[in-house]
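Given next are the chains, with one letter for each unit.
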Amino acid sequence: MRNAYLAYATKRLFQAAVVILLAYVFTFVVVSILPGDPVTNVLRNPQNGFSEDEIREIIAAQGLDRPVLIQLWESLSSFLTGDLGLSMRSNRPVVTLIAEVLPSTLVLAFTGLVVALLLAVAIAYGTQFLPRRFGQGLLRGFPSLFLSVPNFVIGLVLIHVFGFQIGLFRVIEPDSFWATLFAAIALGIPVSAQIAEVLIANLDHESRQEYAAVARGRGLGQMRLFTSHLLKPSSLPVITVIALTVGELLGGSLITETVFGRTGVGSLVQRSVSTQDLPVLQAVVSLAAVVFVLVNLIADLVYPLLDPRVKLLGAPRQRPTSADESSAGISRAVTS
């Protein structure tokens, strides 16, 4: 098992490195090579006031007059060493600009994930144990409703109700506790829908197993049945869903920061788009790709450790049959 897992982890690490490399190359091609030479167009903007001699000097200093493959190699080498270049507008290192705003975005994204998990678990619990007309009907429709409403609409409603009407937070203080919490709620509600859908489906499956019937027959309470017997086997697929929603969390953070007036990666991207600061845009897109790949890599590496039934690289282990699963569950229920 250990050798199989090491081989599996090595293969996944190699695949992740290849994906990151391809993502950076694609970003470089989109930003730097497409017809129109966006860097030169920015420099020749009359508002910038550069003369032709100054433009040629800047292009030579940035290496933009070199062959494309050399530009790509130098850009990729700098990226791998942590050098993301200089901002075309502020002439400051891009790493410094990102480091100044990244903590705010990470706090918002992490809090939004916590909100999404709590909301998804609460909905899933209600679908199993609330009266049928609520659990089977109303609550099961919540994920579809959450997915259909964009997070910026949710954010505007929260600002109007809790900011202007109730006064829990002030719009001019977007980094306060309550403002951060409601921004996280606006971000987490759409994300919770996908997690809740997967969790509900797996809870429905587990609740029909024999061990669940045994646990109910022994008079086990609803909360203990949910937490001790149903939640753990049902939550394993949620790990994969959480990893896949990281991209939505990152993208939603950019929009949510704009709606709530927070200073984060979203505001940095907004300024960079409006001023055509291409080095900053390329760095943000590349780092977002790296984060998404690494989170999915961690999920792929953790999942086999949590579920030993997962088959690794042709290992002779076979997935237990439904009878085996039921027997194991009954044993847990009886010994509880």
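One numbering rule holds for all chains: residues counted from 1, following each sequence as written. At least 70 in pLDDT is required for a residue's local features to be given in this predicted model, at least 80 for side-chain atom pairs to be given and counted, and no such filter applies to totals for whole chains, interfaces and linings, which use all residues. Remark: hydrogens and water are excluded; side-chain values derive from all non-hydrogen atoms of the structure.

- Naming follows an unreviewed UniProt entry, where the chain appears as ABC transporter permease of Rhizobium puerariae.
- Quoted straight from UniProt, the Sequence similarities (unreviewed entry) entry for the chain says "Belongs to the binding-protein-dependent transport system permease family."
- UniProt annotates the chain under Subcellular location (unreviewed entry) with the comment "Cell membrane". UniProt positions are given in the numbering used here, feature names are shortened, and annotations may be inferred rather than shown by experiment.

## Some points on the UniProt feature "transmembrane region" (unreviewed entry) in the chain
And step 1. UniProt marks residues 12–34, 101–125, 145–166, 178–200 and 280–303 with the feature "transmembrane region" (unreviewed entry), using the numbering shown here.
And step 2. Labels follow the DSSP assignment, with helices taken as runs of H or I lasting at least four residues and strands as runs of E lasting at least two, numbered in each case from the N terminus. Taken end to end, residues 101–125 is 100% helix and 0% strand, and its two terminal C-alpha atoms sit 37 Å from one another.
And step 3. The distance from the first to the last C-alpha atom of residues 145–166 is 25 Å, and the span holds 86% helix and 0% strand.

## Structural notes on the environment of Leu-145
And step 1. Structurally, the position occupied by Leu-145 is in helix α6 (residues 132–148).
And step 2. The exposure class of Leu-145 is partly exposed, given its relative accessible area of 45%.
And step 3. The spatial distance from the C-alpha of Leu-145 to the C-alpha of Pro-190 is 8.7 Å, given a sequence separation of 45 residues. Relative accessibility thresholds used throughout: buried, under 20% of the residue-type maximum; exposed, over 50%; partly exposed, between the two (1.4 Å probe, protein chains only).

## Thoughts on the environment of Ala-183
And step 1. Here Ala-183 is to be found in helix α8 (residues 177–207).
And step 2. With 71 residues separating them in the primary sequence, Ala-183 and Gly-112 have C-alpha atoms 7.8 Å apart.
And step 3. A contact between two residues is defined here by any heavy atoms of the two lying within 4.5 Å. Excluding residues within four positions of it along the chain, Ala-183 makes contact with Leu-108, Thr-256, Phe-260 and Arg-262.

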